[in-house]
Amino acid sequence: SSRLLYKTGIAVIGAGQAGLSSAYYLKKQGLEVGRDFIVLDQSPYPGGAWQYRWPSLTLSTVNRIHDLPGLSFSDTVSGNSPEVQANIAVPHYFEVYEQTFGLTVYRPVKVTVVCERDGRFRMETDRGFFSAQGIINATGTWETPYIPAYPGAELFGGIQLHTKDYQAADTFIGKHVVIVGGGISAIQLLDEISQVTTTTWVTRKEPSFRSGPFGEEAGRAAVAMVEDRVRKGLPPGSVVSVTGLPVTPAIEAMKARGVLNRQPMFSEITAHGVRWPNGREVAADIILWCTGFRSSLDHLMPLMLREENGGIVMGGRLATMVAKDPRIHLVGYGPSASTIGANRAGRAAATELMDYLGLRSAGK
Ligand code: FAD
């Protein structure tokens, strides 16, 4: 659409953990929401990607949801049952958060293309266009599920799904499900599905289980590794993938049930299932790819931020600043792709961008 809806200083794209944290600090540092900065989100409700997660993901099965700045999550959860659904409790938290700090979010507004126009950014959306001096991009990964390519995928007569599509194990009763992936989501879905039907679990690498909690030091090392990658302009890799799998009671029970029987990756998909290099074939009705996500950055394509290898060279205190163009910050990308990382990165991005654009010296 060619209608100009808003001209503003900073546009925050996305209102998940990363976008809300950024908005909080923009406001705290003196900018007025709806005038000096705006927040856009394509989803219908508060909650970021949490509103789409499967109902059996509860506060006892998530890793840990870090508080947003200024308001504690637990203060917004009614009752203290660990069985509270994450896809209800987190959206509720974000809704209360937005109201508490007066962070108006324009939704649903989907940013389709961002390009440069007369030294400003023009953001095309499904509602009209917006114009801003700077951008904090916080669009997460949920819209960009990753499925690796395997020969024969187009021949498969069954159904291929991704973690993103999962709602409940019951829908798989009576079907044989091949589950691909060695991360936390793969294990959790394997656990649920293997309780109602037969499964085959395949992973590229032998999954690494760790006993005991994941130490703070190991967490810092994992984040530092990803930060180092993005400062060099390499594709980030996943912060969560390097933390290993905790041996929980659920995993002990899976071992006892014999479902943690990991197979190496198949080499080919056939009309009826999957096949390994030695010719062994397993018939399957469903292939469930729990193979992760990539950053949702397609709308930034015209800005040509990517290197040939697909990475983006990042700078700034917490590596949120696009080195090529300091008017653009990516929060929730690379080292800040966790609830705690997104939180801290929002502050760094807000501060650095306001300084760079001189939005502080204007008497605010
Ligand atoms: P999101 O929550 O995805 O928010 C992005 C927002 O941007 C969305 O609201 C979306 O509507 C909007 N958006 C996207 N594209 C556009 C567009 N083009 N225009 C307008 N709006 C757009 N991390 C933890 O720290 N602890 C956990 O326990 C944990 N559990 C997880 C469980 C699962 C199953 C998954 C997949 C991830 C989990 N993570 C966890 C990772 C975690 O979700 C993220 O690190 C964090 O919540 C991401 O926040 P975000 O703001 O970057 O993204």
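This text goes with the structure placed above it.
Rules used in this analysis
- Residues numbered from 1 in each chain as written.
- Predicted model: local features only at pLDDT ≥ 70, side-chain atom pairs only at ≥ 80, totals over all residues.
- Heavy atoms only, no water.
- Helix = DSSP H or I, 4+ residues; strand = E, 2+ residues; numbered from the N terminus.
- Rg over C-alpha atoms; globule rule 2.2 N^0.38 Å.
- Buried < 20%, exposed > 50% of the residue type's maximum accessible area, 1.4 Å probe, protein only.
- Contact = heavy atoms within 4.5 Å.
- Areas by Shrake-Rupley, 256 points an atom, 1.4 Å probe, with all protein chains shown as cover.
- Lys, Arg positive; Asp, Glu negative; His and termini not counted.
- Charge placed at Lys NZ, Arg CZ, Asp CG, Glu CD.
- Near = heavy atom within 4 Å.
- Polar contact = N/O pair within 3.5 Å; in protein donor to acceptor, adjacent residues only side chain to side chain.
- Nonpolar A, V, L, I, M, F, W, Y, C, P; charged D, E, K, R; others polar.
- Salt bridge = Lys/Arg side-chain N within 4 Å of Asp/Glu carboxyl O.
- Axes fitted to C-alpha atoms, helices over the stretch in contact; angles between N-to-C directions.
- Parallel < 35°, antiparallel > 145°, perpendicular 65-115°, else oblique.
- Left-handed = near helix turned anticlockwise from the far one by under 90°.
- Pairing = 2+ DSSP bridges.
- Right-handed = clockwise from strand over helix to strand, strands pointing away.
- 1 Å grid on protein atoms, 1.4 Å probe; cavity = no way out; pocket = protein on both sides within 12 Å on 5 of 7 lines; lining within 4 Å.
- Points joined across faces, edges and corners; volume = space filled by probe spheres on them.

Caption draft 1: Geometry of the overall build of the protein chain. Broken down by element type, the protein chain carries six helices and 18 strands. On C-alpha atoms alone, the protein chain measures out to a radius of gyration of 22 Å, which is about the 21 Å that the 2.2 N^0.38 rule sets for 364 residues. Residues counted as buried form 49% of the 364 residues belonging to the protein chain. For the protein chain, long-range pairs separated by at least 24 residues make up 70% of all intrachain contacts whose partners lie at least 6 apart in sequence. Element-wise, carbon and sulfur atoms account for 53% of the exposed surface of the protein chain, whose accessible area totals about 16800 Å². Side chains of the protein chain carry 36 positive and 33 negative charges; the gap between the two charge centres is 4 Å.

Caption draft 2: Inspection of helix H3 (residues 184-194) at higher detail. Of all 11 residues making up H3, eight are buried, and the element is well covered by its neighbours. The set of residues buried in H3 consists of Ala-186, Ile-187, Gln-188, Leu-189, Leu-190, Asp-191, Ile-193 and Ser-194. Contact partners of the buried residues in H3: strand E7 (177-180), strand E8 (199-203), strand E9 (209-210), strand E10 (245-246), helix H5 (249-257) and strand E15 (286-289).

Caption draft 3: Just the site of the ligand, in detail. Around the ligand, 29 residues are found, and the nearest of them are Asp-41, Ser-43, Asn-63, Arg-64 and Thr-339. Contact between the ligand and Trp-50: an oxygen atom at 3.4 Å from a side-chain N or O atom of the residue. In the environment of the ligand, an oxygen atom lies 3.3 Å from a nitrogen or oxygen atom belonging to the side chain of Arg-53. In isolation the ligand offers 1000 Å² of accessible surface; the protein chains occlude 90% of this area. When the residues that make up the shell around the ligand are grouped by side-chain class, the tally is 12 nonpolar, 13 polar and four charged.

Caption draft 4: Up close: the pattern of salt bridges. Scanning all chains against the criterion turns up 13 salt bridges. With a closest N to O distance of 3.8 Å, Glu-307 and Lys-324 form a salt bridge. Of this pair, Glu-307 sits in the loop between E15 and strand E16 (314-315) while Lys-324 sits in the loop between strand E17 (321-322) and strand E18 (328-330), and the two are 17 residues apart along the sequence. For Glu-307, a relative accessible area of 32% puts it in the partly exposed group. Residue classification places Lys-324 among the exposed positions, given a relative accessible area of 52%. Of the charged contacts in the structure, one is a salt bridge between Arg-327 and Asp-325, with a shortest N-O distance of 2.8 Å. The burial state of Arg-327 is the same as that of Asp-325; both residues are buried. Several salt bridges converge on common partners, so that one network encompasses Glu-32, Arg-35 and Asp-36.

Caption draft 5: Expanded view of the packing of helix H1 (residues 17-28) against helix H6 (residues 339-357). One way to put it is that H1 packs onto H6 with a least axis distance of 7 Å and a crossing angle of 40 degrees. One element, H1, and the other, H6, form an angle in the oblique class. The hand of the H1/H6 crossing is right-handed. Between H1 and H6, the residues in contact are Gln-17, Ala-18, Ser-21, Ser-22, Tyr-25 and Leu-26 and Thr-339, Ala-342, Asn-343, Gly-346, Arg-347, Ala-350 and Met-354, respectively. Among the residues making up the contact of H1 with H6, the classes are represented as six nonpolar, six polar and one charged.

Caption draft 6: Here's a closer look at the pairing of E8. Burial analysis of E8 places five of its five residues in the buried class, the great majority of the element. Side chains Thr-199, Trp-201 and Thr-203 of E8 all project onto a buried face; the interleaved residues Thr-200 and Val-202 project onto the opposite face, where all are buried too. Two elements, E7 and E8, share four bridges in a ladder whose sense is parallel. Residue pairing in the sheet places Val-177 in a bridge with Thr-199 of E8. The handedness of the E7 to E8 crossover, carried by H3, is right-handed.

Caption draft 7: Representation of empty space enclosed by the protein. Summed over the entire model, instances satisfying the criterion amount to one cavity of 30 Å³ or more. Taken together, Asn-137, Ala-138, Thr-139, Gly-140, Ser-295, Leu-297, Leu-330, Val-331, Gly-332 and Tyr-333 make up the lining of the largest cavity. Broken down by class, the residue content of the lining of the largest cavity amounts to five nonpolar, five polar and no charged.

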